[in-house]
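Reading the structure
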Amino acid sequence: EDFADLFGIEGLMIQRPTAAIIHLDHLLHNFQVIRKLAGPVSPLAPVVKSNAYGHGMVAVARALSGAGAEWPAVSLAEEGLELGKNGLAGPVPVLGGCYPGQAREIAASHLTPVVATPELVHALNEAARVPRICKNGKDDFSPSGDDSGE
C-alpha cells in the first residue's frame, strides 16, 4: 500500500511521502506531563492551529480541554470561529493576525485576538461588545476596558 492509498489521496503525485501520525492517547499523556511540570496554577493554551496539524482541530481541542487545557489557541480567527461552532466555548486566543473587517465576528464570539494595530483596536471597540485582548504581547487576557492603566 502506498502513501496516497494509505491517506485516501487520489490523483496527487506525492513528492515527499511524509506523514505525522499522532495518537490521541499519547498527545494527552504529553499534555499531562506538561501540566505537571507547569503546575496547577499556570494556565495552558495548547495550539491547535492548522487543523491541529492535520489531526482534527475540533477533536484535539475537545480532548485537550477535557484533560484540563484552559484555552485552545489558534492562529486565525476563522479557526477560532470553527471551534465555537463546534461547542468549544471560552476565550480562544488568536495568535496570528486579525483584520479590522473581522471585528464584528470576533466581538460576537469568545475569541481573544492579539492586537497589533490601532485600526484593529478601534474596529473591535466599535463592535458589539468590549473585546478581550492580549495587551502589549503579555499573557493578560483582560477586557480592554479594565482600570489597569495599560
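The following refers to the structure shown. Within any chain, residue numbers begin from 1 and follow the written order of that chain's sequence. Reporting of local features is limited, given that this is a predicted model, to residues whose pLDDT is at least 70; pairs of side-chain atoms are given and counted only at 80 or more, and all residues count toward the totals for whole chains, interfaces and linings. For side-chain calculations, the full set of non-hydrogen atoms in the structure is used, while hydrogens and water are omitted.

This part is about the overall build of the protein. A run of H or I in DSSP counts as a helix once it spans at least four residues, and a run of E counts as a strand once it spans at least two, with each numbered from the N terminus. Within the protein, the secondary structure is distributed over seven helices and four strands. When each of the 150 residues of the protein is scored for burial, the buried share is 32%. The contact rule is simple, with two residues in contact once any of their heavy atoms fall within 4.5 Å. A sequence separation of at least 24 residues applies to 33% of the contacts in the protein between residues at least 6 apart. Here the open area of atoms and residues is found with the Shrake-Rupley method and a 1.4 Å probe, where only the protein chains shown may cover a residue. Per element, the accessible surface of the protein, about 9400 Å² overall, is 56% carbon and sulfur. Burial status follows relative accessibility: with a 1.4 Å probe on protein chains alone, a residue under 20% of its type maximum counts as buried, one over 50% as exposed, and anything between as partly exposed.

A few words now on the nonpolar core. If you look at the biggest cluster of nonpolar residues, it comprises 24 residues, and the most contacted ones within it are Val48, Val74 and Leu83. For this core, the secondary structure elements donating two or more residues are helix H4 (57-66), helix H5 (77-85), strand E1 (92-94), helix H6 (103-108) and helix H7 (118-126). A total of five residues in this core trace back to one element, the largest contributor, which is H4. By convention a nonpolar core is built from buried Ala, Val, Leu, Ile, Met, Phe, Trp, Tyr and Cys residues, the set being connected through side-chain atoms within 4.5 Å.

This part takes up the environment of cysteine 98. Following the sequence through the fold, cysteine 98 ends up in the loop between E1 and H6. Ignoring any residue separated from it by four or fewer positions in sequence, one finds cysteine 98 in contact with Ala77, Ile106, Pro113 and Leu120.

Here we come to the pattern of salt bridges. Here, a salt bridge means any side-chain nitrogen of Lys or Arg that lies within 4 Å of a carboxyl oxygen of Asp or Glu. Evaluation of the coordinates by the stated rule reveals one salt bridge. One salt bridge in this structure joins glutamate 70 and arginine 35, with 2.9 Å as the shortest N-O distance. Here glutamate 70 is found in the loop between H4 and H5, whereas its partner arginine 35 is found in helix H2 (residues 24-38), with 35 residues between them in sequence. For arginine 35, a relative accessible area of 13% translates into the label buried.

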